[in-house]
Each structure stands twice: as C-alpha cells, then as structure tokens.
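# Summary of the model geometry
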Amino acid sequence: MQSSINNIYRLDGTVPIAKAIPFGLQHILAMFVSNLTPITLIAASAQPALTQAQIAILLQNAMFVAGIATLIQLYPLWKIGSRLPVVMGVSFTFVTVLSTVAANYGYPAVIGAVMIGGIMEGTLGLLAKYWRKIITPVVAASVVTSIGFSLFTVGARSFGSARNLLLGTITLAVCLLWNVLSKGYLKQLSVLAGLVVGYIIAIFMGKVDLGSILSGGLISLPHLLPVKPEFHAGAIVSTCIIFLVSAAETIGDTSALVSSGLDREIAGKEISGSLACDGYASTISSLFGCPPVTSFSQNVGLVAMTKVVNRFTIMTGAVCMILAGLLPPIGNFFASLPDSVVGGCTIMMFGSILTSGVQMIASCGFSQRNITIVSLSLAVGIGFTTAGESGIWNIFPSIIQSVFAQNVVAVVFIISIVLSCILPENMDIEKIKE
C-alpha cells in the first residue's frame, strides 16, 4: 500500500482512489475561479451583450471542456496530448484581444476566430519537430521566468480590501502551517487545507452565497454550439497572433513542469503533443461557445511545490471538473470560492514558477551568451509592460499594442528568440595566451 501511495510522485502507476481524489481536487480548486473569469470578462465586452442565461451556459461548458482537455493531455489521442500532468483551462492570455473582437464584431466572431486559431496552433504542434529548435533551453527558461513575474500581480489582486487581506492571510498561514507540521504525503495537501479552512472562514464572514450552490437544477448537459460562429478576417488574424503567444506560454509551462516535477529536460514529442492538445482542444472549446483553453501556470506552480506528478491522480481532478460541468451544484460550489481564498493559496505557487525559471536558467549555464539573452529579454519584457511604462506602445499600431503592451511573456518570448537566433554561439571572452 505504501508503494502505491508513493506513486503520486511518479508519472505512472495507480494511487488508492481515496488518496488520489484530494490531490486531484487540489489542482482543480487552484485553477477553478481563473478558468471561469476570462469568459465573464470577454462576454462583458460583447456587442450585442450576452444574456445572463447565455453566460451561465458558457460557464458550465467551460468546466466540461477544461476537464476533457486535461484528460487528453494526460492520456493522449494519437499524437494529441503530452502524457504529462498538465491541467488545462480557459486562458487569460486571450482576454484583451477577444474582448476587442467581441466589442467590434460580436461574440460569434470570437468563436469563429478561436475555431480557426485552434486549428492553426494544433497543426503547428504536430509539426513542432521542424521548428522547435528555435525554442532553445535558454529561451524556454526566459519564458518560464517571465510567466512567474507576470503572475505575481494576479495573486495580489485578490487582496483589495482589509477583509480580503485578512482572509487571504489566514489562508496562506494555514498552507504554511500545514506544510510545516504535516508528515509524509499529507504535507503535499497544504493548498487544499488552506482552501478548505479559508472557505469555512469565508462562510462565517458572509462572503459565500450558499443559496446559489443549489440553483440551476441537479443535472444539466453541456450545450453544443450555443453561439453560432462567424468569421471575420481581422478577428482571425489578431487571434492567431495571440495563439502564437499562447504556444510560447505552453512551451514554458510544460518545460517548467518537466524540469521541476520530473527533474529532466522536456522531450520533443512532449512539446509537440502539448501544443497539439492546446490548439485542437481550443477548437473543441469553440464548439461549446468558449474561449481557448491552455495549460495553467497555477498548476505548474503546484507541481513545483508538491512534486505530485501522477497522471492517475490528476485524472481524478479532471473527472471532477467534468462532473462540475454536468452537475450545476458542484460547479456552483467551486465557483463560490472567494478570490481572496484562492489568492492566499496561489501567491506562493506563483513564486515557485519563478524559482523553476531561475533553476532552468542555471541548468543552461551562465555563459556570456545566455546571460545576454536572459537579462535583455527580461529587462525589456518586464520594463516595457509595467503599468507605468506601457504608454511607450502608443507609437505602434493597435494590433501590436493589444498583443504586447501588457503581455510580458509575449515580449520576452520575441526578444529571447531574436537574440538566440542572431547572437554567435560562443560570446565568451577567451583568455589571451601569453
């Protein structure tokens, strides 16, 4: 029995279901609110506006699609899927561009653009062996580090008031205490413990609407094509550009996951399968009226912190996500998690992603070439996308602004690839022989 429990730290092998479910739930709870938020933001920009009933259908479908996409990553279909513990969800990366598309063309144009963009990324993923050499280890390390930086403010945004700060601090304290005091495999459930305690305290603070959990009936099947797609060239082009940025994030996420969770470098077929799933699952997502799905950095941070990489264990979480899409009370329960509770748990995980990036940089070696690529890409990426300096992008066309102005990962990706391609292989200053 002990050996089967220890399988949570191995990619393959079964784990007793009673032990697997808490770890699977931990992964789902860490990303649940973030999986739903992009839809509400994009829908709020749509002209004409979507009704509350339509948005409710999309939120339900998003949970179902995220579960299906995660299963495909865990247990690939042909070459689609990485066979890695990658948790998928609706991506924040597309919010700015898709909100603009929704405002200018309407929400049906969002679905059409996502459908085409997903096919493009999925096909690029299957052909990754022909172009992946440009994504060198130091480029991937720079992207992973930038992902960690970009997520810091996401966790901090949850603490917008004194009550939220108190609730988030208590949740974080529970996570830390659990991690210090627990022994064995229970130590890796610190995030789940923080979420449970934080949720209970939130109920007593009046921050949870328990009545909403039972609304919407007991069973509801996902709705196929709740929004009929429309195709506009401008919407498709701008969305496809962001799919390339999302692909860079996925490469960074999966590289960080393999590095921190499996202690090795990522294989070419894992990159290819991960990107193929990213793209084609996004096309499936569009059929259910939802924005693109992609790998979730929150869960990469959770893997870095807990070292739990077992596919069977993560699969139990994916099944819970699918059930949340089929059973409204389960979905409503997950959706009722206050942002401050989730933020208290995830803020430390985001730091783990940054640490993984630094470890990847160290593993690449501190040659003059690597130092130049990392330092310049991060300096430009972080410096040019901070709120106080984003005005520099006003000299560029609107489509460039929408892609890069507030996206540190996109800027770091482009700068690091350009530098990797143009800098000579050996930049180190050689000693002059006397």
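Residues numbered from 1 in each chain as written. Predicted model: local features only at pLDDT ≥ 70, side-chain atom pairs only at ≥ 80, totals over all residues. Heavy atoms only, no water.

### A look at the overall build of the chain
- Scanning the chain from terminus to terminus reveals 17 helices and two strands.
- Taken over the C-alpha trace, the chain has a radius of gyration of 21 Å; the compact-globule value for 434 residues is 22 Å, and the two agree within 12%.
- Each principal axis of the C-alpha distribution contributes one length, and for the chain these read about 80 × 55 × 50 Å.
- In the chain, which comprises 434 residues, the proportion classed as buried is 54%.
- When contacts within the chain are restricted to residue pairs at least 6 apart in sequence, those whose partners lie at least 24 apart make up 83%.
- Charged side chains in the chain number 20 positive and 16 negative. The centres of these two groups are separated by 9 Å. (Helix = DSSP H or I, 4+ residues; strand = E, 2+ residues; numbered from the N terminus. Rg over C-alpha atoms; globule rule 2.2 N^0.38 Å. Buried < 20%, exposed > 50% of the residue type's maximum accessible area, 1.4 Å probe, protein only. Contact = heavy atoms within 4.5 Å. Lys, Arg positive; Asp, Glu negative; His and termini not counted. Charge placed at Lys NZ, Arg CZ, Asp CG, Glu CD.)

### A word on the side chain of threonine 171
- When you line up the elements, threonine 171 lands in helix α7 (residues 162-181).
- Accessibility expressed as a relative area gives 1% for threonine 171, which makes it buried.
- Discounting chain neighbours no more than four positions away, the residues touching threonine 171 are Gly194, Leu195, Gly198, Val341, Gly344 and Cys345.

### Overview of the environment of phenylalanine 32
- Relative to the helices and strands, phenylalanine 32 is located in helix α2 (residues 17-45).
- In this structure the C-alpha to C-alpha distance between phenylalanine 32 and methionine 63, which are 31 residues apart in sequence, comes to 8.2 Å.

### Some points on the environment of serine 161
- In this fold, serine 161 is placed in the loop between α6 (137-156) and α7.
- The sequence separation of serine 161 and serine 340 amounts to 179 residues, and the corresponding C-alpha distance is 9.6 Å.
- Among the polar contacts listed, one links the side chain of serine 161 to the backbone nitrogen of asparagine 164, at a separation of 3.2 Å. (Polar contact = N/O pair within 3.5 Å; in protein donor to acceptor, adjacent residues only side chain to side chain.)

### Let's talk about empty space enclosed by the protein
- Under the defined criterion, the tally for this structure stands at one cavity of 30 Å³ or more.
- By volume, the largest cavity is sized at about 40 Å³.
- Every residue along the wall of the largest cavity is listed here: Pro85, Val86, Val87, Asp253, Thr254, Leu257, Ser295, Phe296, Asn299 and Val300.
- Put simply, the parts of the chain that give the lining of the largest cavity at least two residues each are α9 (233-262) and α11 (297-306).
- Among the elements that make up the lining of the largest cavity, the one with the highest residue count is α9 (three residues).
- Residues that form the lining of the largest cavity fall into these classes: six nonpolar, three polar and one charged. (1 Å grid on protein atoms, 1.4 Å probe; cavity = no way out; pocket = protein on both sides within 12 Å on 5 of 7 lines; lining within 4 Å. Points joined across faces, edges and corners; volume = space filled by probe spheres on them. Nonpolar A, V, L, I, M, F, W, Y, C, P; charged D, E, K, R; others polar.)

### Quick look at the packing of α9 against α11
- In the contact formed by α9 and α11, the axes pass within 9 Å of each other and the chain directions differ by 10°. The angle between α9 and α11 places the two elements in the roughly parallel class. Mapping the contact onto sequence places Asp253, Ala256, Leu257, Ser260 and Gly261 in α9 and Ser297, Val300, Val303 and Ala304 in α11.
- Taken together, the residues that form the contact of α9 with α11 break down as five nonpolar, three polar and one charged. (Axes fitted to C-alpha atoms, helices over the stretch in contact; angles between N-to-C directions. Parallel < 35°, antiparallel > 145°, perpendicular 65-115°, else oblique.)

### Description of the nonpolar core
- With 119 residues, the main nonpolar core has Phe32, Leu50, Tyr107, Val110, Leu195, Val293 and Met321 as its most contacted residues.
- With twelve residues, α9 is the single largest residue contributor to this core.
- Beyond its immediate sequence surroundings of up to four residues, valine 110 is in contact with Leu98, Val101 and Ala102. (Core = buried A, V, L, I, M, F, W, Y, C linked by side-chain atoms within 4.5 Å.)

### Some details on the pattern of salt bridges
- Under the definition given, this model contains four salt bridges.
- In this structure, arginine 83 engages aspartate 12 in a salt bridge whose closest nitrogen and oxygen atoms are separated by 2.7 Å. Of the two residues, arginine 83 sits in the loop between α3 (52-74) and β1 (88-90) while aspartate 12 sits in the loop between α1 (2-6) and α2, which places them 71 residues apart along the sequence.
- Between arginine 264 and glutamate 270 there is a salt bridge, with its nearest N and O atoms 2.7 Å apart.
- On the basis of relative accessible area, glutamate 270 is assigned to the buried category, the value being 8%.
- Connected through shared salt-bridge partners, Asp12, Arg83 and Arg311 make up one network. (Salt bridge = Lys/Arg side-chain N within 4 Å of Asp/Glu carboxyl O.)

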